[in-house]
Amino acid sequence: MNQMNALSRFRSSWSHFSDGVRDRWAAAPGWQRWAVYILLIIGALLLPSESLAPIMSPYSDWASVLFFPIGTFVVLAIGLNVVVGQAGLLDLGFVAFYAVGGYAMGLLGTRLGWNFWEILVVGILICALSGVVLGAPTLRLRGDYLAIVTLGFGEIIRITARNTDEIGGPNGIRGIPHPPSIEGFELFGIQVFKYGVLDPRPYYYMLVALAVIVIILVKRWEKSRVGRAWAAIREDEDAAEVMGVPTFRFKMLAFAIGASIGGAMGVVWAAKVISINPNDFLFLLSATILAAVVMGGAGNLPGVMLGAFIVAWLPERFRGLQEYRMLIFGAVLVALMIFKPEGLLPSRQRKAELKGGTGGMGSLGAEVPGPETKADVIEGADK
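What comes next is a walk through the structure. This structure is a prediction, so every number in the text was calculated from the model and none was measured. (Residues numbered from 1 in each chain as written. Predicted model: local features only at pLDDT ≥ 70, side-chain atom pairs only at ≥ 80, totals over all residues. Heavy atoms only, no water.)

Take the packing of helix H6 (residues 116–138) against helix H11 (residues 247–273) next. Contact pair H6 / H11: the axes reach a minimum separation of 7 Å and the direction vectors enclose 145°. In the packing of H6 onto H11, the handedness of the crossing is right-handed. Only Phe-248, Met-252, Phe-255, Ala-256, Ala-259, Ser-260, Gly-263, Ala-264, Val-267, Val-268 and Ala-271 of H11 make contact with H6, whose side of the interface consists of Phe-116, Ile-119, Leu-120, Gly-123, Ile-124, Cys-127, Ala-128, Gly-131, Val-132, Leu-134, Gly-135 and Ala-136. In the contact of H6 with H11, the residues fall into 18 nonpolar, five polar and no charged. (Axes fitted to C-alpha atoms, helices over the stretch in contact; angles between N-to-C directions. Helix = DSSP H or I, 4+ residues; strand = E, 2+ residues; numbered from the N terminus. Left-handed = near helix turned anticlockwise from the far one by under 90°. Contact = heavy atoms within 4.5 Å. Nonpolar A, V, L, I, M, F, W, Y, C, P; charged D, E, K, R; others polar.)

Two descriptors summarise a pair of aromatic rings, namely the distance from one centre to the other and the angle between the planes of the rings. Under the counting rule described, the total for this entry stands at 14 aromatic pairs. Between Phe-67 and Tyr-203, the aromatic rings sit 6.2 Å apart at their centres with planes inclined by 65°, giving edge-to-face as the arrangement. Highlighted residues: Phe-67 in helix H4 (residues 62–86) and Tyr-203 in helix H8 (residues 201–222), separated in sequence by 136 residues. Per residue, the accessibility class of Phe-67 equals that of Tyr-203, and both read buried. An aromatic cluster of at least three residues, connected via ring pairs, comprises Phe-68, Phe-73, Tyr-98, Tyr-103, Trp-269 and Phe-281. The aromatic ring of Phe-248 is capped on one face by Arg-140, whose charged end is 4.0 Å from the ring centroid. (Phe/Tyr/Trp six-rings, centres within 6.5 Å; stacked < 30°, edge-to-face > 60°. Buried < 20%, exposed > 50% of the residue type's maximum accessible area, 1.4 Å probe, protein only. Lys NZ or Arg CZ within 6 Å of the ring centre and 35° of its normal.)

So, about the layout of surface pockets. In this approach, a probe sized like a water molecule rolls over the atoms, and the result shows the empty space that is left. Taken as a whole, the largest pocket holds about 2,200 Å³ of empty space. What lines the largest pocket is a set of 49 residues, among which Tyr-37, Ile-215, Leu-301, Pro-302 and Met-305 lie closest to the centre. Elements that contribute at least two residues to the lining of the largest pocket include exactly helix H1 (2–27), helix H2 (30–46), H4, H8, helix H9 (225–235), helix H13 (301–317) and helix H15 (348–356). Ranked by the residues each element gives to the lining of the largest pocket, the list is headed by H8, at 10 residues. Here the lining of the largest pocket is built from residues that sort into 30 nonpolar, 10 polar and nine charged. (1 Å grid on protein atoms, 1.4 Å probe; cavity = no way out; pocket = protein on both sides within 12 Å on 5 of 7 lines; lining within 4 Å. Points joined across faces, edges and corners; volume = space filled by probe spheres on them.)

Take the packing of H4 against helix H12 (residues 283–296) next. Following both chains from N to C, one finds H4 and H12 inclined at 75°, their axes separated by 9 Å at the closest point. For the element pair H4 / H12, the angle class is roughly perpendicular. On H12, the residues touching Phe-73, Leu-76, Ala-77, Leu-80, Asn-81 and Val-84 of H4 are Leu-285, Thr-288, Ile-289, Leu-290 and Val-293. A class-by-class count of the residues in the contact of H4 with H12 yields nine nonpolar, two polar and no charged. (Parallel < 35°, antiparallel > 145°, perpendicular 65-115°, else oblique.)

Okay, structure coming up:
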């Protein structure tokens, strides 16, 4: 009982601290916010520095790790957060859209000889259409039923790719073209638009630009009428529908937006690795990205990005420990879920939903009270 009370006090003090930081940030003038944003972008561009490699990734090439898995996981988590964190729809097949983007890059680049930038636009549109195709017959479902259907969709895409010889079958697609290079543009002594096999940094800078664009768009949606509709659907879909919110339309939009972000990342990743096969798109990737969203704080963009960074970085940081690195990684995840079940940086809405028993994911698990609710019940019983 004493341990539970101490844990409850720790959560309460951390909650007050984080709320104070958010209040100060909300009251900050616009120029201060833009200054912080610019400093964050500059910091992201400086991350591939060799001086950080011995600390951050002593057993792997740090610039390569920044592109994959760290940068890739961050962008995918932002896309999945639209579906899971903002609209409250549990998607276990998000890797399917990543695969569709990768195969779009592979097929259009090798068979038709299209330019990377043309394929990026077409890949985003194809993945958005894939989200609509998946959502149209399935978004009438809710909770774990929807999760099972999306899981099946992800496996269908992978198995279809493996069994279709016209798109490479189990061997996949090789010889995918790189983005067109532009000579003469240097940043910190690096040719930032010279794309090849050896230097991963130009791809990382492209990934930073993609992440900035995606973040701006997602935040605009979140603060708009669309974001308010997603929040209403996540909290109580029946009440939202009674109040006149066209829930099916907005859920479809969430799926399409999340799918297009996943597809864009698939196109960029395929252009970097130049060879893909169905084993690159296993269910484990969907589960890992979902864990990053939940651990970081579903619905809160900075928390989701932090969760994706930790989930991607920890196994690489302890790669030298061989099989024990996954044991350490699992132990860290378990500890975080015990001490911060609402996520590292949860939104205030998510904390309120977790306290009410919904866990911040709509009706999924709504009958299970959150840890703070349990503590309150036990404390009331003792009195």
